[in-house]
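This is what each chain is made of:
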Amino acid sequence: MKRFSDQIKKAADIILSGGVVAFPTETVYGLGASAYDDNACQSIYHLKGRPLNNPLIIHVLSLHDAEKFAIFSDDAKKLALQLWPGPFTMVLPKRNDTGLSKLVTAGLDTVAIRVPAHHIFRQLLESVHSPIAAPSANKSGYLSPTRYQHVADAFKNDKLFIVQCDDKIQYGLESTIIDVTTDPMTILRHGFITKDVIENISMQGVVYNEASNDHIKAPGMMYKHYSPITPIRINALSVEENEAALNFGDSNLHAKYQLNLSKEADLAIAASNLYSYLHELDNIALQKRLSHIAIAPIPNENIGIAINDRLNRAIG
Ligand code: TXA
Ligand code: MG
């Protein structure tokens with residue numbers, strides 16, 4: 001593995017010459033390019049196999065930088081000051097003449113912005129001096145990547161440069177997304193920053209955008225998502241023959257191939273292990289031709305809400 005500084009320089013050179021690279025963030029690996037560059041953004045969609053109507057998050061170094069692209073209400077500013085940098089994305093009214101590629105926002109008049117905390121991502125942003133548009137570095141529909149190898153496997157035919165870092169990713173789950181252009185504000189995607197945390201900071205009620213709403217605000221939420229190739233079976237109380245098992249706490253799913261998201265029943269640990277354990281079980285299940293991954297019930301509270309949300313979307 002090359003030194004980080006060499007890898008970051010190479011990644012920055014690729015982005016500055018209009019290319020796409022992958023890199024770790026504190027949530028999941030990202031697949032990034034200059035948010036100003038139409039061709040580069042087009043390549044992101046192409047590489048992921050992502051529909052063009054599903055906009056991208058832009059990443060910047062600070063609230064100050066974010067204000068060049070979007071208009072912040074007092075509440076949005078409060079949230080930014082307390083939760084950035086971190087696993088938190090806001091959908092905001094877009095300013096005019098930002099220079100952002102239209103592909104980033106898929107023609108919407110809002111823009112999703114996150115200020116990341118990961119040292120590699122921040123050094124990359126410092127090197128390129130432009131916002132980086134970055135979805136998760138997976139093929140559209142599949143599990144998000146939390147390890148170098150997940151990205152390398154997914155893009156093995158794409159000659160993609162991936163910044164390699166063997167440290168465990170801190171969160172392992174995509175950022176919480178909140179739309180601050182609605183009244184009340186709407187959670188578009190659950191994550192480590194929970195509804196309670198947001199309500200405490202903004203002193204306002206926040207609603208969740210149920211998938212059943214007519215008007216789906218995060219276009220990405222329309223599709224089957226976050227899914228292993230092997231079908232999953234949730235809230236499983238027992239395991240059928242020919243299934244792999246994913247336990248939580250003292251759940252007792254017995255299978256030849258089994259993992260436990262958190263033996264101590266710690267939801268934050270379970271969330272951080274979710275994608276890597278599903279990748280692992282999916283690879284085994286595909287090799288051994290297992291029929292399902294049976295998953296024990298996960299309490300629907302706190303970060304468990306984000307876990308159950310991903311599992312439900314994986315079912316479609
Ligand atoms: O943790 C994360 O957020 C990671 C890392 C790389 O930052 N990124 C990520 O991006 O998860 P992606 O593209 O996989 O998910 C972004 C979601 C999509 O569902 C997309 O539809 C939604 O954000 N989104 C982006 N811009 C939006 C906008 N203007 N309005 C509503 N939803 C938006
Ligand atoms: Mg994604």
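These numbers were taken from a predicted model, which means no experiment stands behind them.

Each value, and the rule that gives it
Along each chain, numbering runs from 1 in the same order as the chain's sequence is written. Whichever chain is written first becomes A and whichever ligand is written first becomes 1, with later ones labelled in order. In view of the model being predicted, local features appear only for residues whose pLDDT reaches at least 70, and side-chain atom pairs are presented and counted only at 80 or more, with totals across whole chains, interfaces and linings using the full set of residues. Note that water and hydrogens are dropped before the side-chain values are worked out from all heavy atoms of the structure. Runs of H or I in DSSP of at least four residues are treated as helices and runs of E of at least two as strands, each being numbered from the N terminus. Only protein chains enter the area calculation, which uses a 1.4 Å probe; residues under 20% of their type maximum are buried, those over 50% are exposed, and those in between are partly exposed. Contacts are residue-level and defined by heavy atoms, with any inter-residue pair within 4.5 Å sufficient. Pairing between two strands requires that DSSP report at least two bridges joining them. Axis angles are defined between N-to-C directions and span 0 to 180 degrees, where every axis is a line fitted to C-alpha atoms and, for a helix, only to the segment in contact. Angular relationships are summarised with four words: roughly parallel below 35 degrees, roughly antiparallel beyond 145, roughly perpendicular across 65 to 115, and oblique for the angles in between. Each helix crossing is assigned a hand: it is left-handed if the near helix lies turned anticlockwise from the far helix by less than a right angle, otherwise right-handed if that turn is clockwise. When residues are grouped by polarity, Ala, Val, Leu, Ile, Met, Phe, Trp, Tyr, Cys and Pro land in nonpolar, Asp, Glu, Lys and Arg in charged, and all others, Gly among them, in polar.

Q: Talk me through the environment of Ala306; I want residue IDs and the actual numbers.
A: Along the chain, the position of Ala306 falls in helix α10 (residues 304–315). With a relative accessible area of 1%, Ala306 lands in the buried category. For the pair Ala306 and Thr194, spaced 112 residues apart in sequence, the C-alpha to C-alpha distance is 8.5 Å. With sequence-adjacent residues up to four places away left out, Ala306 is seen in contact with Leu173, His190 and Gly191.

Q: How would you explain the pairing of strand β4 (residues 88–93) if you had to name every residue and give the values?
A: Burial of β4 is extensive: 5 of the 6 residues sit out of reach of the surface. Two elements, β4 and strand β8 (residues 176–179), share 4 bridges in a ladder whose sense is parallel. Residue pairing across strands places Met90 opposite Ile178, the latter belonging to β8. Note that β4 and strand β5 (residues 110–114) share 5 bridges and pair antiparallel. For Val91, the partnering residue across the bridge sits in β5 and is Ala112.

Q: Can you explain the packing of helix α4 (residues 74–83) against helix α8 (residues 195–202)? Please cite residues and give values.
A: Two elements in contact, α4 and α8, have axes separated by 9 Å at closest approach and are oriented at 120°. Here α4 is positioned oblique relative to α8, judged by the angle of their axes. Crossing handedness for the pair α4 and α8: right-handed. Across the interface between the two elements, Asp75, Lys78, Leu79, Gln82 and Leu83 from α4 touch Val197, Ile198, Ile201 and Ser202 from α8. Taken together, the residues of the contact of α4 with α8 break down into 5 nonpolar, 2 polar and 2 charged.

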